[in-house]
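One letter stands for each residue in the lines below.
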Amino acid sequence: MWVYPPELTPAEGERLTEVIKDWAVAHGLTVRPPPAVIAAEADPAGILATAVPVTLFPSPFPEVCFNQAVAVQKAYNELYAAISRDEEFLAQIVKDIGDSDDFITELWKVHLRVKEEGYVQHKSLGLFRSDYMVHQDASGSTPQVKQVEFNTIASSFGGLSSQTSLLHNYLAATEYPLLGNPIQRGLLRLPPSGSIVGLAAGLRQAFVEYGPTTTGHGKCVVFLTQGGERNVFDQRHLEYELQRSEDPVVPVFRLPYAETLQHTRIADGAGRQLLYTPPHLPGRTFEVAVIYMRSGYGPSDYPDPSAWEARYHLERSAAIKCPTVLTQIAGTKKVQQVLATPETPSNPSVLGRFLRPSTTTSDDSTSASVISELAKTFTNIYPLDATTEAGLEARRIALDPARSQSYVLKPQREGGGNNVYRGAIPGFLRSTPEAHWPSHILMELITPPPVRNTILRNGALEHGGVICELGIYGTCLWDQRPGGAILRNEEAGYLLRTKGDKSEEGGVAAGFGCMDSVALA
Ligand code: ADP
Ligand code: MG
Ligand code: MG
């Protein structure tokens, strides 16, 4: 019987460790080391990089599930573009989340302020990632993907995921055929991940669609980053890909979010062009065509009121934002819950509001089938309000030590480490003022069928059961005004992240998960 991934001898494990750790550094499958690991004295200039945690083999992933996730990505892009255009819907979302979530409230205020003076930029860029796990019900029917979440801001790992699929392809060509339990070359079906090329193409199109500059300065793209970012190479891969193009030449600058007000200003006049003077080029100014946010997605990026002023400053500018405030709010878990809440007579399908035939250029029946394909990726998600039947049921589940075991409670946050799992939910809720409960959603846990693999983390091998999470990237560029055109809508490669099956969270950057790629099964 063919066992995959194969059993390894200790010597084979050491051999793969050697090969991977060098390949990873040689190809930028790397992060900056955590400061606690590398003492400041050992790396005072911050020149060191370290291999990211990665599986020794690409994990088997059902082909039907992979294809299902890829197939719905363009519909998801279009859905989220439509949601971000629907101010009335988002206003209700913000209201439902309530005043207890200061972060979402402040974001909304930024939108209201800009709306008052009028937006000058109507084009909006989304570099999205829709995340899934495999679900197989007890009947043993065909497995399906169920959506974990949809990311509309700072969707990361597009750089490293392309490199990880290249690593596994390299190993499949060189090392796996030589193992004691060999995997013959060509036996694995490894879909390449085009995430670097795809995401960079989205940024490049926004740069072009921005149009000619009107200030006399050259155009540029700004990557808005976090100070001390360790996942910098992931971002650099996108930057290098953007810079490879000669027509147009795309100058790219990295700007720490905290330095936004110091190094950028809005041009005089009605156009509100965003001007950037790189600190290393005093006297030289660029007109910012695209702001790509790899920061600004959580409260820690807004330590004081000036950080909110910076967000307002960017939002009111003519730069194309990736994302706008409205698109960021469209990516909240609350929106995902509202979309997934089942249709009832008093609650007509929310999806129909966004995917009408008039917006899809398709006829009635195709838009109905798109809606049904999207809905198949939903799992049960409940609100936690005290007025709807769904909210009351969620409160009963969440406060019940037994029933809460199959759920995860999520606040409106991004970046990992914010959720409350299983048995911890009742106690967490009891210690949270009831007025704050509606700012959370309660989601059924997806429990994928068991997969085994070996993770190489910090030079050591961890064998065992793993849980895989597939992300599909999408790029979308649209006119934000009601009825506005969609200028780009593309699927843009995939990410596979894997964690030990004892861990609740799977964040690679947060230290729980690792990079992986897909072996179609
Ligand atoms: P974030 O925006 O912080 O990444 P997620 O919703 O992706 O929040 O949750 C973080 C992690 O928690 C996921 O990567 C996944 O490992 C786990 N998780 C979240 N929701 C579910 C779910 N419904 N079933 C199983 N695991 C989940
Ligand atoms: Mg996530
Ligand atoms: Mg997220």
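All figures in this text were calculated on a predicted structure; none of them were measured in a lab.

## Re the overall build of the chain
Next up, step 1: For the chain, the helix and strand inventory stands at 17 helices and 21 strands.
Next up, step 2: Here the C-alpha radius of gyration of the chain, 23 Å, is about what a compact globule of 521 residues would show, namely 24 Å.
Next up, step 3: In the form shown here, the chain has an accessible surface area of approximately 21,700 Å², with 54% of it arising from carbon and sulfur atoms.
Next up, step 4: Taken as two groups, the 46 positive and 57 negative side-chain charges of the chain have centres that lie 2 Å from each other.

## Overview of the confidence of the model for the chain
Next up, step 1: Of all residues in the chain, 96% have pLDDT values of 70 or greater, and the mean over the chain is 94.
Next up, step 2: For the chain, the element scoring lowest by mean pLDDT is helix H14 (residues 357-360), at 52; strand E12 (residues 320-322) scores highest, at 99.
Next up, step 3: For this predicted complex, the interface confidence reaches an ipTM of 1.00, while the overall pTM sits at 0.97.

## Focus: the coordination of the magnesium ion (ligand 3)
Where a metal carries four tetrahedral donors, each ideal angle is 109.5 degrees; where it carries six octahedral donors, the ideal angles are 90 or 180 degrees.
Next up, step 1: Coordination of the magnesium ion (ligand 3) by the protein is provided by Glu 149 (OE), Glu 149 (OE), Asn 151 (OD1) and Glu 414 (OE), with metal-donor distances spanning 1.9 to 2.3 Å.
Next up, step 2: Ordering the donors of the magnesium ion (ligand 3) by residue number gives the pattern E-x1-N-x262-E.
Next up, step 3: Between the magnesium ion (ligand 3) and the magnesium ion (ligand 2) the interatomic distance amounts to 3.7 Å, and Glu 149 serves as a bridging ligand to the pair. Pair check on accessibility: Glu 149 and Asn 151 agree, each one buried.

## Re the side chain of Lys 334
Next up, step 1: Within the fold, Lys 334 resides in helix H12 (residues 333-340).
Next up, step 2: We note that Lys 334 is buried and unpaired, the nearest opposite charge coming from Asp 96 at a distance of 4.8 Å.
Next up, step 3: Setting aside chain neighbours within four positions, we find Lys 334 in contact with Ile 93, Asp 96, Ile 97, Pro 383, Gln 412 and Ile 441.

## Describing unusual backbone geometry
Next up, step 1: Backbone torsion omega between Tyr 4 and Pro 5 reads -10°, so that peptide bond is classified as cis.
Next up, step 2: Residue placement: Pro 5 occurs in the segment before helix H1 (10-26).
Next up, step 3: A cis amide bond links Asp 247 with the next residue in sequence, Pro 248, at an omega value of 5°.
Next up, step 4: Along the polypeptide, Pro 248 turns up in the loop between helix H8 (232-243) and strand E8 (252-256).
Next up, step 5: Here the phi dihedral of Ala 154 falls at roughly 50°; this positive angle occurs in a residue that is not glycine.
Next up, step 6: A residue is classified by how much of its surface remains accessible, and Ala 154, at 15% relative accessible area, is buried.

## Looking at the UniProt feature "domain: Glutathione synthase substrate-binding" (unreviewed entry) in the chain
Next up, step 1: Under the present numbering, the feature "domain: Glutathione synthase substrate-binding" (unreviewed entry) in UniProt falls on residues 220-330.
Next up, step 2: Split by type, residues 220-330 is 31% helix and 25% strand. Its first and last C-alpha atoms lie 27 Å apart.

## Focus on the nonpolar core
Next up, step 1: Counting residues in hydrophobic clusters, the biggest one holds 84 residues, and the most contacted among them are Leu 79, Tyr 80, Ile 83 and Leu 339.
Next up, step 2: Among the elements that line this core, the one with the most residues is helix H3 (residues 73-85), at seven residues.
Next up, step 3: With sequence-adjacent residues up to four places away left out, Tyr 80 is seen in contact with Phe 128, Phe 150, Thr 152, Ala 330, Gly 331, Val 335, Gln 336 and Leu 339.
Next up, step 4: Counting 50 residues, the second largest nonpolar core, distinct from the first, contains Leu 199, Tyr 210, Leu 238 and Ala 492.

## So, the packing of H1 against helix H6 (residues 158-174)
Next up, step 1: Across the interface, H1 lies against H6 with an axial gap of 11 Å and an inter-helix angle of 140°. Taken together, the axes of H1 and H6 lie oblique to each other. When you trace H1 past H6, the crossing you get is right-handed. Between H1, through Leu 16, Val 19, Ile 20 and Trp 23, and H6, the contact on the second element is made entirely by Gln 163, Leu 166, Leu 167, Tyr 170 and Leu 171.
Next up, step 2: A class-by-class count of the residues in the contact of H1 with H6 yields eight nonpolar, one polar and no charged.

## Side note on helix H16 (residues 389-399)
Next up, step 1: When H16 is considered as a whole, its buried residues turn out to be Gly 391, Ala 394, Arg 395, Ile 397 and Ala 398. Projected down its long axis, H16 carries its buried residues within an arc of 165°, all on one side.
Next up, step 2: On the buried face of H16, the contacting elements are strand E13 (381-382), strand E14 (407-411), helix H17 (424-430) and strand E16 (440-444).

## A short note on the UniProt feature "binding site: Mg(2+)" (unreviewed entry) in the chain
Next up, step 1: Per the UniProt annotation, the sites labelled "binding site: Mg(2+)" (unreviewed entry) are Glu 149, Asn 151 and Glu 414. In three dimensions, the annotated residues from a span of 266 residues occupy one location, with a maximal C-alpha spread of 10.0 Å.
Next up, step 2: Within the fold, Glu 149 resides in strand E6 (residues 144-151).
Next up, step 3: Contact partners of Glu 149, with chain neighbours within four places excluded, come to Arg 129, Ser 130, Asp 131, Lys 333, Gln 336 and Glu 414.
Next up, step 4: With respect to the helices and strands, Asn 151 occurs in strand E6.
Next up, step 5: Setting aside chain neighbours within four positions, we find Asn 151 in contact with Leu 127, Phe 128, Arg 129, Asp 131 and Glu 414.

## Description of the sheet that holds strand E15 (residues 420-421)
Pairing between sheet strands relies on hydrogen bonds along the backbone, with the strands arranged either parallel or antiparallel.
Next up, step 1: Read from one edge to the other, the open sheet built from four strands follows the order E13-E16-E14-E15, with strand pairing classed as antiparallel. One side of each edge strand has no neighbouring strand; the edge strands of this open sheet are E13 and E15.
Next up, step 2: Relative to E16, E14 is paired through five bridges, and the arrangement is antiparallel. Among the inter-strand pairings, Val 408 is bridged to a residue of E16, identified as Met 443.

## Remarks on the packing of H6 against helix H7 (residues 195-209)
Next up, step 1: Direction vectors running N to C along H6 and H7 enclose 150°, while the axes themselves pass 7 Å from each other. The angle between H6 and H7 falls in the class roughly antiparallel. Across the interface between the two elements, Gly 158, Gly 159, Ser 161, Ser 162 and Gln 163 of H6 pack against Ser 195, Ile 196 and Leu 199 of H7.
Next up, step 2: Residue composition of the contact of H6 with H7, by class: two nonpolar, six polar and no charged.

## Thoughts on the site of ligand 1
Next up, step 1: Ligand 1 sits among 21 residues. The nearest are Lys 333, Lys 410, Gly 416, Tyr 421 and Glu 469.
Next up, step 2: Taking Glu 444, its main chain carries an N or O atom lying 2.9 Å from a nitrogen atom of ligand 1.
Next up, step 3: At 3.0 Å from an oxygen atom of ligand 1 is found a side-chain nitrogen or oxygen belonging to Lys 499.
Next up, step 4: Coverage of ligand 1 by the protein amounts to 95% of the 540 Å² it exposes when considered alone.
Next up, step 5: Elements supplying a minimum of two residues to the shell around ligand 1: E6, E14 and E16.
Next up, step 6: Looking at the shell around ligand 1 residue by residue, the classes come out as seven nonpolar, four polar and ten charged.

Here is what the cut-offs are and how they apply
- Residues numbered from 1 in each chain as written.
- Chains lettered and ligands numbered in written order.
- Predicted model: local features only at pLDDT ≥ 70, side-chain atom pairs only at ≥ 80, totals over all residues.
- Heavy atoms only, no water.
- Helix = DSSP H or I, 4+ residues; strand = E, 2+ residues; numbered from the N terminus.
- Rg over C-alpha atoms; globule rule 2.2 N^0.38 Å.
- Areas by Shrake-Rupley, 256 points an atom, 1.4 Å probe, with all protein chains shown as cover.
- Lys, Arg positive; Asp, Glu negative; His and termini not counted.
- Charge placed at Lys NZ, Arg CZ, Asp CG, Glu CD.
- pLDDT = per-residue confidence, 0-100.
- Donors = N, O, S within 2.8 Å, 3.2 Å for Na, K, Ca; no water.
- Buried < 20%, exposed > 50% of the residue type's maximum accessible area, 1.4 Å probe, protein only.
- Salt bridge = Lys/Arg side-chain N within 4 Å of Asp/Glu carboxyl O.
- Contact = heavy atoms within 4.5 Å.
- UniProt positions renumbered as here; feature names shortened; annotations may be inferred.
- Core = buried A, V, L, I, M, F, W, Y, C linked by side-chain atoms within 4.5 Å.
- Axes fitted to C-alpha atoms, helices over the stretch in contact; angles between N-to-C directions.
- Parallel < 35°, antiparallel > 145°, perpendicular 65-115°, else oblique.
- Left-handed = near helix turned anticlockwise from the far one by under 90°.
- Nonpolar A, V, L, I, M, F, W, Y, C, P; charged D, E, K, R; others polar.
- Arc of directions from axis to C-beta.
- Pairing = 2+ DSSP bridges.
- Near = heavy atom within 4 Å.
- Polar contact = N/O pair within 3.5 Å; in protein donor to acceptor, adjacent residues only side chain to side chain.

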